[in-house]
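Now for the letters of each chain:
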Amino acid sequence: MVNGLARALRRSTGIAAGVCLVLGVTPGGIAAGQPVRPTERIVAADPADESQDFRFPGADTIALHDGSDKYITYGASQHGRGMPYSVHGAGNHVGTSPVITGDSMPNGGGAWVDDTRGLWAPAAFYHVKNGVGRYYLFYTATKKGGEDQHCVGVASSTSPFSGFRAEATPIVCPLTNRWAIDADVVRGPEGAIWMTWRDGQRAEGGESALSVMMLSFNNDGTVDRATEPVVILRSDNLAWAKYREGAGVTVIENPSLFHRNNAWYVFYSGNNWRTNYYATGIAYCGPRIDDGLCSQVPGPRRAWFSYAGPEDHLPDDLRLRGLPGNKRGPGAMDVYRARDGQPWVTWNYLSEEGGRKSRTGKLFITGSGADVDFEVRLP
């Protein structure tokens, strides 16, 4: 019976998920029949189960640098919190948690932000400057006094949990009423730090565009642009992103940069986030991320990860793979590495309970360059 139960459960330690009572199974050295500590959980093998997923969308995950060996995931404003976060995992296992540990930005996004509209799409980054380690949150917010103008702001703190100081002005904000949203920040192989985002200022007509630029970090925790923005992807020839979008703009957004074997890739979302058609695309960018347009893989017609039905979904010729649990509208996929360097992803989806949740998985890669294959599995 114990062996059967063990096969039916996928065990994972170091994740805050409440207290569980497990009979006859001893994860992490816990005696049989004893409650699992709040920082540990056992994951049900059923990938359709949402009970252990993050309770917020727009999740972005990084390793903590506080000696705990854990990870932290920030999310969009949800459940009365400005920017909720969950602490989870340990060592090389990123894990997940349905427990919202706290609010990293309870006072909003700064003087330029309309605080009635919330914060979303955080990009978390850790950087040491002159011996001082800081956590940075790049977030999207609505500009105060504007006509629904969305911009990207920055806040920093020496603590991952509180004390974030927002800069007085956004780091990117379109000169028109088009949007700058969904920033992602990553360190390249030679130490340069890059930010990519949905860049409405450089989009043309009814398309969306993703741009990239290099950042510089100052001694006081502020961040500046180090280079001019360069467009790396446009939505005008992406058939899957156009499918029944109906909004007049072909949307691509939520970029996440990933570097492997001397090649850059950008994972991004497309189509309408409120629908089952929202999906994740991947583009190959070559050895330099700021050297012009990236190329969609496996081609401009097909999303890489999408919902596969049975409800209304992208046609089979517009999609390539599904994701664990086959949840509707998978997007905002954040790609990052665990402490051992292995790639993981966090993405959000339309929950069967209403609203959106986020979950983690391990990213498996074969091939190289543009001839590459990506697959996500639950840990």
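Residues numbered from 1 in each chain as written. Predicted model: local features only at pLDDT ≥ 70, side-chain atom pairs only at ≥ 80, totals over all residues. Heavy atoms only, no water.

Enquirer: Any chance you could explain the overall build of the chain here in plain terms?
Expert: Each helix and strand in the chain was counted, giving 2 helices and 25 strands. Long-range contacts, defined as pairs at least 24 residues apart, comprise 49% of the intrachain contacts of the chain with a sequence gap of at least 6. In the form shown here, the chain has an accessible surface area of approximately 15200 Å², with 48% of it arising from carbon and sulfur atoms. (Helix = DSSP H or I, 4+ residues; strand = E, 2+ residues; numbered from the N terminus. Contact = heavy atoms within 4.5 Å. Areas by Shrake-Rupley, 256 points an atom, 1.4 Å probe, with all protein chains shown as cover.)

Enquirer: What should I look at first to understand unusual backbone geometry in this one?
Expert: Only a minority of non-glycine residues have a phi that is not negative, and only a minority of peptide bonds are not trans. Cis geometry is found at the peptide bond from Val297 to Pro298, where omega equals 5 degrees. Tracing the sequence through the fold places Pro298 in the loop between strand 19 (295-297) and strand 20 (303-305). Its identity is not glycine, yet Ala332 carries a phi of approximately 55 degrees, on the positive side. Accessibility expressed as a relative area gives 10% for Ala332, which makes it buried. (Buried < 20%, exposed > 50% of the residue type's maximum accessible area, 1.4 Å probe, protein only.)

Enquirer: I'm lost on the nonpolar core in this one. Help?
Expert: Side chains of a nonpolar character, in soluble globular proteins, are inclined to be buried together. Trp240, Leu257, Tyr268, Ile289 and Leu314 are the most contacted members of the largest nonpolar core, which has 24 residues in total. Broken down by secondary-structure element, the contributors of at least two residues to this core are strand 13 (209-217), strand 15 (230-234), helix 2 (239-242), strand 16 (252-260), strand 17 (263-270) and strand 18 (279-286). Beyond its immediate stretch of four places on either side in the chain, Ile289 contacts Trp194, Val212, Ile232, Leu257 and Trp264. Core analysis: the second largest hydrophobic core is formed by 20 residues, Tyr74, Val87, Cys151 and Ala155 among them. (Core = buried A, V, L, I, M, F, W, Y, C linked by side-chain atoms within 4.5 Å.)

Enquirer: Looking at this structure, I do not really get the pairing of strand 16. What am I missing?
Expert: Across a regular strand the side chains alternate sides, sitting on one face of the sheet and then on the other. A large share of strand 16 lies buried, amounting to 9 of its 9 residues. Taken together, the 7 bridges between strand 16 and strand 17 define a ladder with antiparallel strand orientation. Considered in strand 17, the bridge of Glu253 is made with Ser269. Counted between consecutive antiparallel strands, the loop separating strand 16 from strand 17 contains 2 residues, among which Asn261 sits at a positive phi close to 50 degrees. (Pairing = 2+ DSSP bridges.)

Enquirer: I would appreciate a short explanation of the state of the cysteines in the present structure.
Expert: Chemically, a disulfide is nothing more than a covalent bond linking the sulfur atoms of two cysteines. Counted according to the given criterion, the structure contains 2 disulfides. With a sulfur-sulfur separation of 1.9 Å, Cys151 is cross-linked through a disulfide to Cys173. Of this pair, Cys151 sits in strand 9 (residues 150-157) while Cys173 is found in the loop between strand 10 (165-166) and strand 11 (180-187), placing the two residues 22 residues apart along the sequence. Judged by its relative accessible area of 0%, Cys151 is buried. The disulfide partner of Cys285 is Cys294, and the gap between their sulfur atoms is 2.1 Å. Judged by the sign of its S-S torsion, about 105 degrees, the cystine formed by Cys285 and Cys294 is right-handed. Just as Cys285 is buried, Cys294 falls in that class too. Take the cysteines of the chain that form disulfides and number them in order along the sequence; they join up as 1-2, 3-4. (Disulfide = S-S within 2.5 Å.)

Enquirer: Is there a simple way to explain the packing of aromatic side chains in this structure?
Expert: The relative placement of two aromatic rings is captured by the distance of their centres and the angle of their planes. What the rule picks out here adds up to 15 aromatic pairs. Seen in terms of ring centroids, Phe54 and Phe56 are 5.7 Å apart; in terms of plane orientation they differ by 15 degrees. Their pairing is stacked. Judged by its relative accessible area of 0%, Phe54 is buried. Judged by centre distance (5.7 Å) and plane angle (50 degrees), the rings of Tyr265 and Tyr284 are tilted. (Phe/Tyr/Trp six-rings, centres within 6.5 Å; stacked < 30°, edge-to-face > 60°.)

Enquirer: Can you walk me through the sheet that holds strand 24 (residues 356-368) in this structure?
Expert: Within a sheet, adjacent strands bond to each other through the backbone by hydrogen bonds, running parallel or antiparallel. Spatially, 4 strands are ordered 22-23-24-25 in an open sheet, and the strand pairing comes out antiparallel. Each of the sheet's edge strands pairs with one partner strand only, and the pair in question is strand 22 (328-337) and strand 25 (371-377). Each strand of the sheet is rotated relative to its neighbour by a mean of 35 degrees, with strand direction disregarded. Where strand 23 (residues 343-350) and strand 24 come together, 7 bridges link them in antiparallel fashion. Looking across to strand 24, one finds that Trp347 is bridged to Arg359. (Axes fitted to C-alpha atoms, helices over the stretch in contact; angles between N-to-C directions.)

Enquirer: Please explain the pattern of salt bridges as it appears in this structure.
Expert: Oppositely charged side chains can pair when the atoms bearing their charge come close. One pass over the structure, following the stated rule, counts 16 salt bridges. Asp316 is paired through a salt bridge with Arg319; the nearest N and O atoms lie 3.7 Å apart. Classification of Arg319 by relative accessible area gives buried; the value is 11%. Glu353 is paired through a salt bridge with Lys357; the nearest N and O atoms lie 3.0 Å apart. Bridged by salt links that share partners, the residues Glu204, Glu207 and Arg234 form one connected network. (Salt bridge = Lys/Arg side-chain N within 4 Å of Asp/Glu carboxyl O.)

Enquirer: Help me out: how do you make sense of the pairing of strand 9 in this one?
Expert: Counting buried positions over the 8 residues of strand 9 gives 8, a clear majority of the element. The alternating pattern of strand 9 places His150, Val152, Val154 and Ser156 and Cys151, Gly153, Ala155 and Ser157 on opposite faces, both of which are buried. As paired strands, strand 8 (residues 132-142) and strand 9 are joined by 8 bridges and run antiparallel to one another. Directly across from Tyr139, in strand 9, lies its bridge partner Gly153. Where strand 9 and strand 10 come together, 2 bridges link them in antiparallel fashion. Considered in strand 10, the bridge of Ala155 is made with Ala166.

Enquirer: Teacher, can you tell me more about the sheet that holds strand 4 (residues 71-74) here?
Expert: What the 4 strands build is an open sheet, ordered 3-4-5-6; its pairing is antiparallel. In this open sheet, the two edge strands, each paired with only one partner strand, are strand 3 (60-63) and strand 6 (102-103). Pairing between strand 4 and strand 5 (residues 84-88): 4 bridges, direction antiparallel. Across the sheet, the residue bridging to Thr73 is Ser86, located in strand 5.

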